[in-house]
Amino acid sequence: DEVKSAGKIFGRSSVLLLGPEASEAAFKAEPLNRFKIIHIAAHGIANPKYPDRAALVLGQDPAHRDDGLLQAREIRELHLNADLVTLSACDTGVGRLEGEEGIENIERAFLYAGAKSVLASLWAASAFSTTDLLDRFYRNLRAGQNEGEALRHAKLDLLKKFKGQAVPFYWAGFTLAGDSVTTIHSR
């Protein structure tokens, strides 16, 4: 639902990989350096002990040797030019602290691969509230807000809409890393 919603917001030029098409091989085969926004809605596996093994769980394609796990070590090898990578997956901002280097995790792997900013989760993500939050976030981006403003306003909108039921567990875990003050002009 999240991917379909983002596709509607950003229009016909959106490329959607859904269901069996959302395999690791299909993702890697896309011209990733041409996308300004990359949204991945999948399961996330953090691995603070072995951060290179942290992964996004995508589909397997029998025609390829990929295992369906897009690991941090593989992500760093991608060539991105995205203004934003959204990781709608559990624990994508979790990892091991590496001194001045920061936290070694999936989020940082996407920054190394060339993403200017990454929206990631610090804990398990609720499917219902995440869909609502990200829909509002993307609508705010489309309206011309920069990423930081768009995320802040999306969270405030959830608080207004759900009031006492909008407990922080459902929305506060999503954070931005990288350049969050740029306005994205999507095509």
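(A) Molecular detail of the overall build of the protein. The helix and strand inventory of the protein stands at 6 helices and 9 strands. In terms of overall size, the protein behaves like a compact globule, its C-alpha atoms giving a radius of gyration of 16 Å where 187 residues would be expected to give roughly 16 Å. Burial statistics for the protein: of 187 residues in total, 44% are counted as buried. Taking all contacts inside the protein whose residues are at least 6 apart in sequence as the whole, residues at least 24 apart take part in 68%. Accessible surface, the protein as shown: approximately 9,800 Å² in total, 53% of it carbon and sulfur. Taking the average place of the 23 positive charges on the side chains of the protein and the average place of its 24 negative ones, the gap between the two points comes to 5 Å.

(B) Region of the structure containing the sheet that holds strand β2 (residues 43-45). Pairing in this open sheet of 3 strands is antiparallel, and the strands run β2-β3-β4 from one edge to the other. Every other strand in the sheet has two partners, leaving β2 and β4 (69-71) as the edge strands with one partner each. Between one strand axis and the next, the sheet turns by 25° as a mean value, whatever way the strands run. As judged from the 3 bridges shared by strand β3 (residues 55-57) and β4, these two strands associate in the antiparallel manner. Along β4, the bridge assignment pairs Ala55 with Gln71.

(C) Seen up close, the pattern of salt bridges. Within the structure shown, the criterion is met by 11 salt bridges. Residue Lys28 is joined to Glu24 by a salt bridge in which the shortest nitrogen-to-oxygen separation is 2.9 Å. Taken together, the residues span about one helical turn, with Lys28 and Glu24 both in helix α2 (residues 24-29) at a distance of 4 residues. Assessed through its relative accessible area of 30%, Lys28 is described here as partly exposed. Lys161 serves as the salt-bridge partner of Asp132, at 3.6 Å between the closest nitrogen and oxygen. Of this pair, Asp132 sits in helix α5 (residues 127-142) while Lys161 sits in helix α6 (residues 147-162), placing them 29 residues apart in sequence. By sharing partners, the salt bridges in this structure join Glu24, Lys28, Asp66 and Glu74 into a single network.

Conventions we followed
- Residues numbered from 1 in each chain as written.
- Predicted model: local features only at pLDDT ≥ 70, side-chain atom pairs only at ≥ 80, totals over all residues.
- Heavy atoms only, no water.
- Helix = DSSP H or I, 4+ residues; strand = E, 2+ residues; numbered from the N terminus.
- Rg over C-alpha atoms; globule rule 2.2 N^0.38 Å.
- Buried < 20%, exposed > 50% of the residue type's maximum accessible area, 1.4 Å probe, protein only.
- Contact = heavy atoms within 4.5 Å.
- Areas by Shrake-Rupley, 256 points an atom, 1.4 Å probe, with all protein chains shown as cover.
- Lys, Arg positive; Asp, Glu negative; His and termini not counted.
- Charge placed at Lys NZ, Arg CZ, Asp CG, Glu CD.
- Pairing = 2+ DSSP bridges.
- Axes fitted to C-alpha atoms, helices over the stretch in contact; angles between N-to-C directions.
- Salt bridge = Lys/Arg side-chain N within 4 Å of Asp/Glu carboxyl O.

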